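Coordinate analysis (summary)
One-letter residues, chain by chain:
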Amino acid sequence: MSEGAVSAHPGAETLSRAAIARVDSSDQLSDVLALPEHLRDALWRVESAVMQDWDTTAGLVVAGMGGSAIGGALARAALADHATRPIFVTRAYGLPSWTTPDTTVLCASYSGNTEETLACYESAGALGARRTVVTTGGRLAEMARADGIPVIPLPGGFQPRAAVAYMIVAALEVAALSGAGPRLTSEIDVAASHTEQLVAEWGPEAAEDSLAKQLARSLHGTTPVIAGAGLTTPIAYRWKTQINENAKQPAFFNELPELDHNELSGWEGAQDVGRFSAVFLDDSDAHPRVKARMDLTERAIAGNAVSSFRLETRGQTSIERVISLVLLGDLVSIYLAALRGVDPGPVNAIDELKEQLAKR
């Protein structure tokens with residue numbers, strides 16, 4: 001189903017700001033709506049770190065977890081073919097085996113206390129790699145300042161996943177400073193203005209038949225399976241994780257063309273095991289064969305899904321297009337939380353696991 005074919009549910013509860021506020025105790029909605037402002041503020045914060053250009057011929061590694069790592073993946077997608085050196089995201093306790101002193105390592109941790117990222121920071125130091133840190137503080141900031149490592153400061157008070165714009169901009173700017181890609185400062189500023197228009201179109205003040213609200217209603221009561229391709233692959237993963245954390249429900253993701261070599265068969269039995277919906281994230285600048293494959297794949301899956309959608313990026317530049325679907329997915333996840341009657345802010349299961357690990 002195309003973007004324009006999404007149908008509203010008659011009599012569905014309104015998704016106004018007041019309705020969402022009844023469950024959104026920490027006002028996660030406002031953090032999503034502030035995405036344009038975050039993009040602009042992020043540029044200023046990178047400048048405040050007072051970093052000079054340097055040249056690391058082995059490329060850039062972004063080390064982080066969860067909402068802190070996704071910025072690196074989205075930045076890599078935004079750079080696309082303009083990246084001049086490898087850009088790799090590691091979500092682990094260690095760095096890639098090929099990391100050398102000619103590699104820049106950006107350690108991204110919103111809290112500054114993520115144990116996997118702290119381990120990567122120390123590993124990068126032992127290897128003699130060029131390090132940079134983006135964080136609000138914590139142990140990571142303490143170690144970096146003691147070592148004379150640049151710290152890009154982040155504003156406090158967010159859930160880490162709400163700092164996505166800051167993490168994207170930090171990764172893009174460090175990529176440029178280290179020689180892994182061009183500067184996108186002007187493109188980021190234009191993307192912020194473009195995103196303001198989309199906030200008005202998809203936000204809580206928009207009509208009840210707006211795309212984001214209708215999508216949330218159609219996905220409600222199902223397990224969403226999100227598919228991306230190329231530029232939209234990390235966005236599909238972002239949708240999955242936002243639905244997990246904000247709406248507190250399972251969601252899954254895959255990428256094309258790989259999906260067509262395995263998951264496609266699984267959809268034949270979807271109706272026997274649950275209620276699944278399919279969301280395909282397309283890019284307006286995708287390869288024609290990818291577009292053809294996505295069209296045929298959606299048709300093959302649609303009959304076995306409760307609902308099926310194909311959505312396309314909005315905007316001219318790659319950063320505009322990336323941010324457009326990030327915003328849409330974030331809003332859909334908040335609206336799903338409201339429809340489910342759950343608070344999108346707390347992530348108790350994650351916090352409890354961290355407490356248990358701290359005792360080991």
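Our structure's up above, just so we're on the same page.
Residues numbered from 1 in each chain as written. Predicted model: local features only at pLDDT ≥ 70, side-chain atom pairs only at ≥ 80, totals over all residues. Heavy atoms only, no water.

**Some words on the sheet that holds strand E8 (residues 276-282)**
In any sheet, the strands associate via hydrogen bonds between backbone groups, in a parallel or an antiparallel arrangement. As summarised here, the arrangement of the four strands in space is E7-E6-E8-E9, forming an open sheet in which the pairing is parallel. On the outer flanks of this sheet lie strand E7 (252-255) and strand E9 (307-312), each paired with one strand and no other. Across the sheet, the mean angle separating the axes of adjacent strands is 20 degrees when strand polarity is ignored. Sheet topology note: the strand E6 (residues 223-228)/E8 ladder contains five bridges and is parallel. Looking at E8, one finds that Val225 is bridged to Ala278. (Pairing = 2+ DSSP bridges. Helix = DSSP H or I, 4+ residues; strand = E, 2+ residues; numbered from the N terminus. Axes fitted to C-alpha atoms, helices over the stretch in contact; angles between N-to-C directions.)

**Focus on the pairing of E6**
The buried fraction of E6 amounts to six of the six residues, a majority that puts the element mostly inside the structure. What you see with E6 is no split at all: Thr223, Val225 and Ala227 on one side and Pro224, Ile226 and Gly228 on the other are buried throughout. Here E6 runs beside E7; their pairing, made up of four bridges, is parallel. Pairing of Ala227 across the sheet is with Asn254, part of E7. (Buried < 20%, exposed > 50% of the residue type's maximum accessible area, 1.4 Å probe, protein only.)

**Points about the pattern of salt bridges**
One pass over the structure, following the stated rule, counts 21 salt bridges. For Arg17, the salt bridge goes to Glu205, with nearest N and O atoms at 3.2 Å. Linking Arg17 in helix H1 (residues 17-21) with Glu205 in the loop between helix H8 (185-202) and helix H9 (211-219), this pair joins segments that are 188 residues apart in sequence. For Arg17, a relative accessible area of 35% puts it in the partly exposed group. With a shortest N-O distance of 3.2 Å, Glu245 and Arg161 are connected by a salt bridge. Of the two residues, Glu245 is situated in helix H10 (residues 233-247) and Arg161 in the loop between strand E5 (151-153) and helix H7 (164-177); the sequence distance between them amounts to 84 residues. Its relative accessible area of 3% is what places Arg161 among the buried residues. One continuous salt-bridge network, built from bridges that share partners, spans Asp282, Lys291, Asp295, Arg299, Arg310 and Glu312. (Salt bridge = Lys/Arg side-chain N within 4 Å of Asp/Glu carboxyl O.)

**Considering the sheet that holds E5**
Taken in spatial order, the five strands make up an open sheet running E2-E1-E3-E4-E5, and their pairing is parallel. Each of the sheet's edge strands pairs with one partner strand only, and the pair in question is strand E2 (87-90) and E5. Geometrically, the sheet is characterised by an average inter-axis angle of 20 degrees between neighbouring strands, direction not taken into account. Along the sheet, helix H6 (residues 138-147) contacts strand E3 (103-109), strand E4 (130-135) and E5; its crossing angle with E4, the most-contacted strand, is approximately 140 degrees. Lying on the sheet, H7 is in contact with strand E1 (59-63), E2, E3, E4 and E5; it crosses E3 at an angle near 165 degrees. (Contact = heavy atoms within 4.5 Å.)

**Observations regarding helix H3 (residues 35-48)**
An ideal rise of 1.5 Å per residue puts 20 Å on 14 residues; H3 measures up with 20 Å between its terminal C-alpha atoms. Of all the residues in H3, the buried ones are Leu35, Pro36, His38, Leu39, Ala42, Leu43, Arg45 and Val46. Residues of H3 that are buried sit in contact with helix H2 (28-33), E5, H7, H8 and helix H14 (318-340). Just past H3, the residue Val50 takes up positive phi, approximately 50 degrees. (Expected span 1.5 Å × (residues − 1).)

**A few points about the pairing of E8**
Of all seven residues in E8, six are buried, a share of seventy percent or more. In this structure, E8 lies alongside E9, joined through six bridges in parallel fashion. From the neighbouring strand, Ala278 faces E9, where its bridge partner is Ser308. A crossover links E8 with its parallel partner E9, the connecting element being helix H13 (residues 288-302), and its sense is right-handed. (Right-handed = clockwise from strand over helix to strand, strands pointing away.)

**Thoughts on the nonpolar core**
One finds Leu172, Ile235, Trp239, Leu281, Leu328, Leu331 and Val332 to be the most contacted residues of the largest nonpolar core, which totals 86 residues. Top contributing element to this core by residue count: H14, with 14 residues. Sequence-distant contacts of Ile235, that is, excluding residues within four places in its chain, are made with Leu74, Leu281, Val322, Leu325 and Val326. Grouped together as the second largest cluster of nonpolar side chains are 16 residues, Leu118, Cys120, Leu140 and Met143 included. (Core = buried A, V, L, I, M, F, W, Y, C linked by side-chain atoms within 4.5 Å.)

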